Amino acid sequence: MAADIISWLAVGLMLATSTTMLISRDWRVSLGSLAAQYISVFWLASRHLPFVMGSVKLIAGWMVVAALGMTRLGLTNLEEEEDTFWPRGRWFRVILTFMVLLVTAGSTPRIEAAIPGLGLPVIAGGLLLIGAGVVHLGVTSNLLRVTLGLLTMLAGFEIIYAAVESSILVTGFLAIANLGLGMVGSYLLAAGSTPIENGEEL
Amino acid sequence: MSAPLLWIAIPFLVGVSILFFLRERFSAFIGGSVAAILALIALIFPIDEALLLGSISLKISPSIQFFGRSFEFSAADGALLAIIYGLAALWFFGTEASGTANRFVSLGLMIVSLLTASIAVEPFLFAALLIEIAAMLVIPLLVPPYQKPGRGVVRFLIYQTFAMPFILFSGWMLAGVEASPGDLGTTTQAGTMLGLGFAFLFAVFPLYNWIPMLMDEASPYVAGFLLWALPTFTVIFALGFLDRYVWLRTSPQLSNAIQFAGVFMVASGGVFASLQRHIGRMMGYSAIAETGLLIIIMGLPSSEIVNLTFLLLIPRGLVLAVWALALSILKRNAYSLLFNEVQGLARSFPAAVTALLLAQLSMAGFPLLAGFPARLAVWQELAGQSLTMTLWVFIGMLGLLAAAIRSLAVFVMADEEKKWRVNESWVQVTMLGLGVIGLFILGMFPQILQPFLADLPSLFNRIGQ
C-alpha cells in the first residue's frame, strides 16, 4: 500500500517536472527538473526491476544531466532561440501538458486491462513521460530542449519496458543509449563554438 | 577465437585505438586493411568448423555469452560478414581520396562493428538498441566540431530514437501474437507498432525529409556512408522479423502496406531527384528511391526475397561509395554542390564527374552498370504481381534517369575556350577508376556475386519457403 502511494507520488513528481521542463526558459531549472524526474523513473522502474538495475537508470540519468549541465555552463554566448511558430507561449504549453494528462488518464486503465500486472502508476508514469517528451519535441528546435525531449520520451518508454523485459543486457544498452543521447546532445550544443582546424574536411 | 570477438570486439577496439592513438595519415590504411582482413577471414575460414593448417587446427566458435544473452554467428553468416567488411574496407580506403575528417575511419569501424553486433545478438529484436547506439556514433561524423548542427542531423537523431521503442515494444507484443494468433486486436497493434518502428528506421515517406537536409549540411562522403550502412543493416534486421514471424509474411494487408510504402518511396524519390538543383540532394533522393526498392522486395510474395535483397544491397554499397567519393572531391573544390557552382566541372574534374554520372546512371538502372541486374530481377517479380506498381516504379526510375541527364548537361556546360585538365590526385583517380570498373563488372557479370549469394538464403530459412 505504502509502495503504491509512493508510486503515485512519483507520477505526480513526473507531471510537475515534465511541465516545468516544458514551460521553463531557464536551462538550469530544466536540467534540475530532469534530475528530479530520474528519481521518479528509478522508483517506478524498480517496481519491476531489481534495485540495482533500477539504480542504473538513476545513475545514468544523473550522469546525462551532469554532462549537459557542464556543457551548457561552458557556453557563455549561447542565446535562447525564440520559437518561430504559432501558437506559442507558456499557456499553450500548459494546455499541451493538460492534453497529455487527459490522454494518459484515459488510456492507463485500458492498457492495464490489456496487459495485466504492469500496475497503474507504472503505466501512467510511462505514458505521461512519453507524451511529455513528444510534446516537447513538437514545440522546440532548441538543441538542449530537443535532447531533454528525447531523454524524457526514452525515460517513459524505459519505465514501461522495464515491466516486460528485465534483461541485464537491455538495461545496460538502454543506459548506454541514454548516456549516448546526453553525449550527443552535449556535442551538438558545443559544435560550432570550436575553431576550424587544419586538415578538416569541407 | 569466437566469431563475435573477431567481427565485433576487434574492429570496435581497433576503431577506439585509431581514434585515440593513431595519426590521421595512417588511419585510412589501417582501418581499411583491418576491414579487408576481416572480410577475407570471413570468406576463407568457415565459422564453427575445424580447419587444418598443417599441424594446426583452427576453429572459430560461433557464439559468446554477454550479460546473460548470446551473440552468435552461424556458418551461413560468413558470406554476409565478408560482404559487410569488404564494403566497409572500400569506404575506409576511400577516405584517403575523399579527404574526409580523421574520425571517419575510427568511428566508422565502431559503427560497423555495432551494426554487425545487431546481426548477432539474441534475441534478435535487441538489435534495435544497437542500431540506435550506432546512429548516435554517426552524429560526430555528420557535424564537425567547428560547424553548427543543422536541422537534418537533429531530425535524424529524433527519428532514429523514435524507432527503437516502437520496435522493442512490438517485439514483445509479437511474442503475444505467437501465443494467441487468433487475437486480431493484438496482431493489429503489434503490426502497427512494428511498421512505425521500421518506417522511422527506413525513413519511409514522409519521414525521409532529413536525408536531403543532411546532404546539404554534412560531408557527402559521411552522408553516403550513413545511407549505405544504416539501411543495409535495417534490411537484414527486417528480414529477421519476416523470417521469425510467419504471419508477417502471409498477411496480405501487411504485404500491401509494405509494397505501397516502397512504391511511394521509389516514385517520390525519383521525381524529387529529377527536380533538384543540388547534386548532393540528388544522391539523397536516389538513395531514398533505392531503399524503396528494398522495401518493395520485402513485400513480394516470392521465395526469392533474400536473393533479390542482396543482389540490390551489394551494388548499392559500391555505387554509393563511388558517388559519395566523387561528390566530396567536387565539393572540396566547388565549395557548394548547387548547379550554378558545379557547372562546367567536367573539364576540370573529368574523373570525378565521370564516376559520379556512372554511379547516378547505375542507380537509375542503366544497362551494363551495377544497378541494372537487380532492377531487372525486381521488375520481373513485380510485373508478375501488379502492373500498376511496376508503372510507378518505372516512373521513379525515369525520374532518376532524368536527374542523371540534368547533371550531365550541367557538368558539360562550360566555355568553349576552357581547357580539359585532370585536377584530381592520382589516389583519387585510382579509387574512382577502381570503383567505375567495379560498376561495370557487377553490371556485365552479375554472376560473380553468386558465391556470396549462394549461402545467404540459409540465413533466413523460412522466408524462402
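Conventions and cut-offs
Counting starts from 1 at the beginning of each chain's written sequence and moves along it residue by residue. To label them, take the chains in the order written and letter them from A, then take the ligands in the order written and number them from 1. Local features in this predicted model are restricted to residues whose pLDDT is 70 or higher, and side-chain atom pairs enter the listing and the counts only when it is 80 or higher, whereas totals over whole chains, interfaces and linings include all residues. The side-chain quantities take in all heavy atoms of the structure and omit both hydrogens and water. Strands are runs of DSSP state E lasting at least two residues, helices are runs of H or I lasting at least four, and both sets are numbered from the N terminus onward. Classification of residues uses two cut-offs on accessible area relative to the type maximum, computed with a 1.4 Å probe and protein chains only: under 20% is buried, over 50% is exposed, and between them is partly exposed. Should any heavy atoms of two residues lie within 4.5 Å, those residues are counted as being in contact. Two aromatic rings from Phe, Tyr or Trp, using only the six-membered ring of Trp, form a pair when their centres are within 6.5 Å; if the ring planes differ by under 30 degrees the pair is stacked, by over 60 it is edge-to-face, and anything between is tilted. Think of each axis as a best-fit line through the C-alpha atoms, taken over the contacting stretch in the case of a helix, with angles from 0 to 180 degrees between the N-to-C directions. The cut-offs work like this: below 35 degrees is roughly parallel, past 145 is roughly antiparallel, 65 to 115 is roughly perpendicular, and the gaps in between are oblique. Here the term charged refers only to Asp, Glu, Lys and Arg, the term nonpolar to Ala, Val, Leu, Ile, Met, Phe, Trp, Tyr, Cys and Pro, and the term polar to all other amino acids, Gly among them. Pairs of N or O atoms are called polar contacts if they sit within 3.5 Å, as long as, within protein, a hydrogen donor faces a hydrogen acceptor (for residues adjacent in sequence, only side-chain-to-side-chain pairs). Strand pairing is assigned whenever DSSP detects at least two bridges linking the two strands. The term nonpolar core refers to a set of buried residues drawn from Ala, Val, Leu, Ile, Met, Phe, Trp, Tyr and Cys, joined through side-chain atoms within 4.5 Å. Bear in mind that the domain bounds are from an automatic or database domain assignment. Cavity: a set of points on a 1 Å grid over the protein atoms alone where a 1.4 Å probe fits but cannot get out. Pocket: an open set with protein on both sides within 12 Å along at least five of seven lines, its lining residues, like those of a cavity, having an atom within 4 Å of a point. Grid points are joined across faces, edges and corners, and a volume is the space filled by probe spheres set on the points. A simple way to read buried area is as the amount of 1.4 Å-probe accessible surface that goes missing from two parts once joined, with both sides added. Salt bridge, as used here, is a side-chain nitrogen of Lys or Arg placed within 4 Å of a carboxyl oxygen of Asp or Glu.

Hey, could you run me through the overall build of chain A in this one?
The helix and strand tally for chain A stands at seven helices and zero strands. Listed by position from the N terminus, the elements making up chain A come as α-α-α-α-α-α-α. When burial is assessed residue by residue, chain A has 53% of its 202 residues classed as buried. Residue pairs in contact within chain A that sit at least 24 positions apart in sequence constitute 72% of those at least 6 positions apart.

Is there a simple way to think about the packing of aromatic side chains in this case?
Two descriptors summarise a pair of aromatic rings, namely the distance from one centre to the other and the angle between the planes of the rings. Scanning the model with the defined rule gives 32 aromatic pairs over all chains in all. Look at A:Y161 and B:F169: their rings are 6.4 Å apart centre to centre, the planes differ by 55°, and that puts the pair in the tilted class. Taken together, the residues span two chains, with A:Y161 in helix α6 (residues 143–164) and B:F169 in helix α6 (residues 151–179). One exposure class covers both A:Y161 and B:F169, and it is buried. Aromatic side chains B:F66 and B:F71 sit 6.0 Å apart centroid to centroid with 75° between the ring planes, which places their arrangement in the edge-to-face category. Since its relative accessible area comes to 40%, B:F66 is described here as partly exposed. By way of ring pairs, the aromatic residues B:W91, B:F92, B:F104, B:Y221, B:F225 and B:W228 are connected into one cluster.

In this structure, what is going on with the packing of helix α7 (residues 168–190) of chain A against α6(B)? I would like to understand it.
Between two packed helices, the angle of one axis relative to the other and the distance separating the axes together describe the packing. For the pair α7(A) and α6(B), interaxial distance at closest approach is 12 Å and the crossing angle is 170°. With respect to α6(B), the element α7(A) is oriented roughly antiparallel. Contacts from A:L174, A:L181, A:V184 and A:L188 in α7(A) reach B:V153, B:L157, B:T161 and B:M164 in α6(B). Residue composition of the contact of α7(A) with α6(B), by class: seven nonpolar, one polar and no charged.

Which parts of the structure should I look at to understand the side chain of A:T140?
All names here are of chain A. Mapped onto the elements of the fold, T140 is located in the loop between α5 (120–138) and α6. Since its relative accessible area comes to 12%, T140 is described here as buried. One polar contact links the side chain of T140 to the main-chain amide nitrogen of N142, over a distance of 3.0 Å.

It is not clear to me how the environment of B:W323 should be interpreted in this structure. Could you clarify?
All names here are of chain B. Note on placement: W323 falls in helix α13 (residues 305–334). Judged by relative accessible area, which is 0%, W323 ranks as buried. Spatially, the C-alpha atoms of W323 and Y221 are 8.5 Å apart, while their sequence positions differ by 102 residues. Filtering out sequence-adjacent residues up to four positions away, W323 remains in contact with I279, M282, M283, S286, L356, A359, Q360 and M363.

I tried to follow the pairing of strand β3 (residues 63–66) of chain B on my own but got confused; where do I start?
Residues and elements named next belong to chain B. The sheet contact formed by β3 and strand β4 (residues 69–72) spans four bridges and is antiparallel. Bridge pairing in β4 places I64 opposite F71. Between β3 and β4, which pair antiparallel in sequence order, lie two residues; one of them, F67, sits at a positive phi of approximately 50°.

How do you make sense of the nonpolar core when you look at a structure like this?
The nonpolar side chains of soluble globular proteins are, as a tendency, buried together. Residue and element names in this part refer to chain B. If you look at the biggest cluster of nonpolar residues, it comprises 248 residues, and the most contacted ones within it are W7 and F241. Per element, the largest residue contribution to this core is 21 residues, and it comes from α13. Each of domain 1 (1–122) and domain 2 (123–460) contributes no fewer than three residues to this core. Those residues within four positions of W7 in sequence are excluded, and the remaining contacts are L38, I41, A42, I47, I60, F73, L81, Y85, S113 and T116.

It is not clear to me how empty space enclosed by the protein should be interpreted in this structure. Could you clarify?
All names here are of chain B. Overall, the coordinates contain seven cavities of 30 Å³ or more when judged by the stated rule. Each pocket or cavity is described by its volume, and for the largest cavity that value is around 90 Å³. If you list the elements that add at least two residues to the lining of the largest cavity, you get α7 (184–202), α8 (210–217), α9 (220–244) and α12 (279–298). Residue composition of the lining of the largest cavity, by class: 10 nonpolar, one polar and one charged.

Just checking my understanding: could you explain the environment of B:M215 for this structure?
Tracing the sequence through the fold places B:M215 in helix α8. Separated by 122 residues in the primary sequence, B:M215 and B:L337 place their C-alpha atoms 9.5 Å from one another.

Even after reading the chapter, I still don't get the sheet that holds β3(B), so can you show me in this structure?
The strands that make up a sheet pair up through hydrogen bonds in the backbone, lying either parallel or antiparallel. Strands sit in the order β3-β4-β5 (chain B) across an open sheet of three strands; the sheet is antiparallel. Of all the strands in the sheet, just β3 and β5 (121–122) of chain B have a single pairing partner and so form its edges.

Would you mind showing me how to read the pairing of β4(B) here?
Every other side chain in a regular strand lies on the same face of the sheet, so the side chains alternate between the two faces. As defined by bridge partners, β4(B) adjoins β5(B) across two bridges and the pair is classed as antiparallel. By the bridge assignment for β5(B), B:F71 is matched with B:V121.

It is not clear to me how the domain arrangement of chain B should be interpreted in this structure. Could you clarify?
Interface size is commonly expressed as the accessible surface area that is lost when the partners come together. All names here are of chain B. Domain assignment breaks chain B into domain 1 (1–122) and domain 2 (123–460). Its C-alpha centre places domain 1 at a distance of 23 Å from the equivalent point of domain 2. Contact residues are listed per partner, giving 39 residues for domain 1 and 44 residues for domain 2. Here domain 1 packs against domain 2, burying approximately 3,500 Å² in sum over the two surfaces, 83% of which is carbon and sulfur. Counting the contacts that link domain 1 with domain 2 gives zero salt bridges. Linking domain 1 to domain 2 there are three residue pairs in polar contact (both at pLDDT 80 or more). Elements that contribute at least two residues to the side of domain 1 that touches domain 2 include exactly β4, α3 (77–98), α4 (103–120) and β5. Here the side of domain 1 that touches domain 2 is built from residues that sort into 25 nonpolar, nine polar and five charged.

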